[in-house]
There are 2 protein chains.
Amino acid sequence: MFDFDKLDKIIHEKGRLGIMTLLATRPSWSFQDLKAELELSDGNLITHLRTLHEHGYVAVTKEVRDRPQTSYSLTDKGRQSFQDYLTILEQIVKAGRR
Amino acid sequence: MFDFDKLDKIIHEKGRLGIMTLLATRPSWSFQDLKAELELSDGNLITHLRTLHEHGYVAVTKEVRDRPQTSYSLTDKGRQSFQDYLTILEQIVKAGRR
C-alpha cells in the first residue's frame, strides 16, 4: 500500500507537527504567537524548535526593533519535507476513507 | 486554527497509524498480513495491537480452521476514532497546502 516509514519522524511528533503546520501558513512566527496558538510550554516549544532547526527545517531570525525579537520560518528544505509529509497524509486519508 | 491536542495519541504513533489505516481498508487482517505490509517486528506489532485492543479500537478474533487463526479488525469505536483522526489530518493538509 504505502510506506509508513517515509512518514518523517522529525515532523510526525505532535508538537513539531503543529509547529510545521503553522509555519507553513505564514512567512514567519514569533515565539509567543507559536506558544499561544499551540498551547505548548516554553520548554517543549524550545526543544521542538531546536530539533527542527538542527534538522535544517526551521530558520531562526533575530532582529532588534524596539527590543530584540526572534522569529521562526520554514527553510526551503523544511517546506519541501513538509509538502512530502502532507502527500503521505493525503494517502492515509484516501485509504482510510474507503 | 485547530487543536493539535485532538490528534489521538493512540492512533498518531507511526506503527499504530499504519495498523489503523490497514484495518480501515479491509474487514479483517491476519497477524502475518499486517506484519508483511507494515514491516514491523513481531514484538512491535504485538505491542501496538495490544495498545489498540486495550483502548477498544481493535477486536481480536480467534478461529480454528485447519489450524488456530487470529485476525484483527476495527471496532465501531476504533472506526469512529479513526474517522475523527482523519478529519484532523485533512485540516492539516488544507492548512499546509496554502
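Nothing here was measured: the structure is a model prediction, and the numbers come from that model.

K.L.:
Help me understand unusual backbone geometry in this model?
P.N.:
As a rule of thumb, non-glycine residues mostly have phi less than zero, and peptide bonds are mostly trans rather than cis. With phi around 55°, Glu39(A) is a residue other than glycine that occupies positive phi space. Structurally, the position occupied by Glu39(A) is in the loop between helix H3 (31-38) and helix H4 (42-54).

K.L.:
So what exactly am I meant to see when it comes to the pattern of salt bridges here?
P.N.:
Between side chains of opposite charge, a pair can form as their charged atoms come close. By the definition in use, this model includes eight salt bridges over all chains. Taking the shortest distance from any N to any O, the salt bridge between Lys35(A) and Asp42(A) comes out at 2.8 Å. We classify Asp42(A) as partly exposed; its relative accessible area is 34%. Between Arg26(B) and Asp33(B) there is a salt bridge; the shortest N-O distance is 3.5 Å. With relative accessibility at 35%, the residue Arg26(B) sits in the partly exposed group.

K.L.:
Would you take a moment to explain the relation of the copies chain A and chain B for this structure?
P.N.:
One chain copy maps onto the other through a rotation about an axis and a shift parallel to that axis. Note on the identical chains: chain A maps onto chain B by a rotation of 180° and an axial translation of 0.0 Å, with an RMSD of 0.0 Å. Accordingly, the operation relating the two chain copies is best matched by a two-fold axis. Residue Leu89(A), judged by its C-alpha, is the member of chain A lying nearest the rotation axis, at 3.3 Å. Comparing interface residues between copies, 100% of those in chain A also sit at the interface in chain B, which points to an isologous, same-surface contact.

K.L.:
Mind showing me how you'd approach the packing of helix H2 (residues 14-25) of chain A against helix H5 (residues 76-96) of chain A here?
P.N.:
Residues and elements named next belong to chain A. For the pair H2 and H5, the least separation of the axes is 11 Å and the interaxial angle reads 110°. It follows that H2 is roughly perpendicular to H5 by the angle criterion. The chirality of how H2 crosses H5 is left-handed. For the pair formed by H2 and H5, the contact residues are Leu17, Met20, Thr21, Leu23 and Ala24 on the first element and Gly78, Arg79, Phe82 and Tyr85 on the second.

Conventions we followed
Residues numbered from 1 in each chain as written. Chains lettered and ligands numbered in written order. Predicted model: local features only at pLDDT ≥ 70, side-chain atom pairs only at ≥ 80, totals over all residues. Heavy atoms only, no water. Helix = DSSP H or I, 4+ residues; strand = E, 2+ residues; numbered from the N terminus. Salt bridge = Lys/Arg side-chain N within 4 Å of Asp/Glu carboxyl O. Buried < 20%, exposed > 50% of the residue type's maximum accessible area, 1.4 Å probe, protein only. Least-squares fit on C-alpha atoms with pLDDT ≥ 70 in both. Contact = heavy atoms within 4.5 Å. Axes fitted to C-alpha atoms, helices over the stretch in contact; angles between N-to-C directions. Parallel < 35°, antiparallel > 145°, perpendicular 65-115°, else oblique. Left-handed = near helix turned anticlockwise from the far one by under 90°.

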